[in-house]
Amino acid sequence: MSSHTGHGTNLSVVSKLLERLVTQQLTTYLLPDLQSAYRAHHSTETAVLKVVGDILLALNSGNVALLSLLQDLSAAFDTVDHDTLLRRVVIKWFASYLSGRTQHVRTPTTTSLPSPVAYGVPQGSALGSILLLLYVADLLKLIKRHRLFPHAYADDTQIYGFCQSSDVNGNMP
C-alpha cells in the first residue's frame, strides 16, 4: 500500500486505475436515470432544475406539491452491507474488492491491531461512490412504486409528489 494523506483509502496506483475503469463501465450501464451524480452532463444544477421544473409544472396545473429531502447520507457509506451489495452485483471481482479489508487506528506513537471491515465501501474512491448508489438503487424504485418522484444526486435524494388540491384533507383556501 502507498502512503496517503487526507481523506479516503490507501490504494495502489494499479488498483486505482482498475477502479476507475470499472467505475466508468458501471456509470455508463447501471446507474439509475434519476441519479445525477457521477454521470456526464449531469450536475447539482441539472438535478435542481429537474425537481423544481416538475414541481412548477404541477403547481401551474393546480396541483399541490410536497418535497422531502434526504440529504447527506454520507454515513450510508459506512453502513453498506457487503452481502446485500454482492447479491446486487454478482461478480467475483467485487467480492474480492470488498472482502479481506481491515482497518486500524494509528497515532504518532502506536498502531492498533487490524480489525476486519464487514460493512461500508471505501470513501474517497471512485468505485465506492458507485457501489453505494447500486446498493441504494431500490430506494428509488420503492419511491416510484408509491407514485412519488425521486431524484438523487450523490448521497442526497429528493422525494416529491403531487395531487389535486381537492384531494388534500383539511381546509384549503
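Residues numbered from 1 in each chain as written. Predicted model: local features only at pLDDT ≥ 70, side-chain atom pairs only at ≥ 80, totals over all residues. Heavy atoms only, no water.

(A) Looking closely at the pattern of salt bridges. Applying the stated criterion to the full structure yields 2 salt bridges. Of the charged contacts, one joins Asp 138 and Lys 141 as a salt bridge, the two residues approaching to 3.8 Å between their closest N and O atoms. Here Asp 138 pairs with Lys 141, and both are found in helix H6 (residues 137-145), just 3 residues apart, close to one helical turn. Residue classification places Asp 138 among the partly exposed residues on the basis of a relative accessible area of 35%. In this structure Lys 141 comes out as exposed when scored by relative accessible area, which is 53%. (Salt bridge = Lys/Arg side-chain N within 4 Å of Asp/Glu carboxyl O. Helix = DSSP H or I, 4+ residues; strand = E, 2+ residues; numbered from the N terminus. Buried < 20%, exposed > 50% of the residue type's maximum accessible area, 1.4 Å probe, protein only.)

(B) Region of the structure containing unusual backbone geometry. Even without being glycine, Arg 147 reaches a positive phi, approximately 60°. Considering the arrangement of structural elements, one finds Arg 147 in the loop between H6 and strand E4 (149-153).

(C) Local environment of the confidence of the model for the protein chain. On average, the protein chain scores 76 in pLDDT, and the residues at 70 or more come to 74%. The least confident element of the protein chain, judged by mean pLDDT, is helix H1 (residues 13-30) at 71; the most confident is strand E3 (residues 115-116) at 91. Low pLDDT, under 50, characterises residues 1-7; the stretch is placed with 8 contacts to residues that sit more than four places away or in other chains. (pLDDT = per-residue confidence, 0-100. Contact = heavy atoms within 4.5 Å.)

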